[in-house]
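# Tertiary structure, described
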Amino acid sequence: MGTKAYPPQPMLHDADCIEAPTGAIAFPARSAGSMYPHAFPHYNCIGPGTIGANKSLVAAPIDFDPHDYEPSSEPLLQPTDAVGPLCKICHGNHFDGSPAPFADPIGPARS
Ligand SMILES: [Zn+2]
Ligand SMILES: [Zn+2]
């Protein structure tokens, strides 16, 4: 596991979705996988054709209810650059807000 603490992940919307936030910066659907690999696609507006048509998407913060960190066991929710498995509920690391540990305090990463 790496050193990056993931924040709670946003929801992705088609830019034309009625629930899409106004004023959000749109990006092409084909970039979603690299920009927001752990975000939540909105089931109302994002479907199998979204990436094929390379539609414009926007990301909206999700107002998660308070919950305990539940580390996911899914490989897709265990990015190698993250400090630990992402939470099942918010796909974040429940980091406490102090500065991210960018450097390995013990020494250079071993591979
Ligand atoms: Zn939507
Ligand atoms: Zn969570």
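Look above for the structure.
Residues numbered from 1 in each chain as written. Chains lettered and ligands numbered in written order. Predicted model: local features only at pLDDT ≥ 70, side-chain atom pairs only at ≥ 80, totals over all residues.

### Some points on the pairing of strand 4 (residues 56–60)
Going by this rule: By this definition, two strands are paired if DSSP reports at least two bridges between them. The helix and strand labels rest on DSSP assignments: H or I over at least four residues marks a helix, E over at least two residues marks a strand, and numbering proceeds from the N terminus.
Here strand 1 (residues 11–14) runs beside strand 4; their pairing, made up of 4 bridges, is antiparallel. What sits directly across from Leu-12, in strand 4, is Ala-59. As paired strands, strand 2 (residues 27–28) and strand 4 are joined by 2 bridges and run antiparallel to one another. From the neighbouring strand, Phe-27 faces strand 4, where its bridge partner is Leu-57.

### Here's the deal with the environment of Asp-63
Structurally, Asp-63 is set in the segment after strand 4. Once the C-alpha coordinates of Asp-63 and Pro-8 are considered, the two residues, 55 residues apart in sequence, prove to be 9.3 Å apart.

### Side note on the nonpolar core
For the record, the criterion: Each nonpolar core comprises buried Ala, Val, Leu, Ile, Met, Phe, Trp, Tyr and Cys residues, the members being joined through C-beta atoms within 7 Å. To sort residues by burial, count the other C-beta atoms lying within 10 Å of each one's C-beta; a count of 20 or more means buried, 12 or fewer means exposed, and anything in between means partly exposed. C-beta atoms are built from the backbone. Each residue gets a C-beta atom placed from its backbone, and two residues are in contact if those atoms lie within 7 Å.
Grouped together as the largest cluster of nonpolar side chains are 9 residues: Met-11, Leu-12, Ala-20, Ala-29, Ala-32, Ile-46, Leu-57, Val-58 and Ala-59. If sequence neighbours within four positions are ignored, Ala-59 has contacts with Pro-10, Leu-12, Ala-24, Tyr-36 and Ala-39.

### Observations concerning the environment of Asn-93
By secondary structure assignment, the location of Asn-93 is in the segment after strand 4. In this structure Asn-93 comes out as buried when scored by C-beta crowding, with 22 C-beta atoms within 10 Å. Residues Asn-93 and Pro-71 lie 22 residues apart in sequence; the distance between their C-alpha atoms is 8.2 Å. Leave out the neighbours within four places in its chain, and Asn-93 touches Ala-5, Tyr-6, Ala-82, Val-83, Gly-84 and Leu-86.

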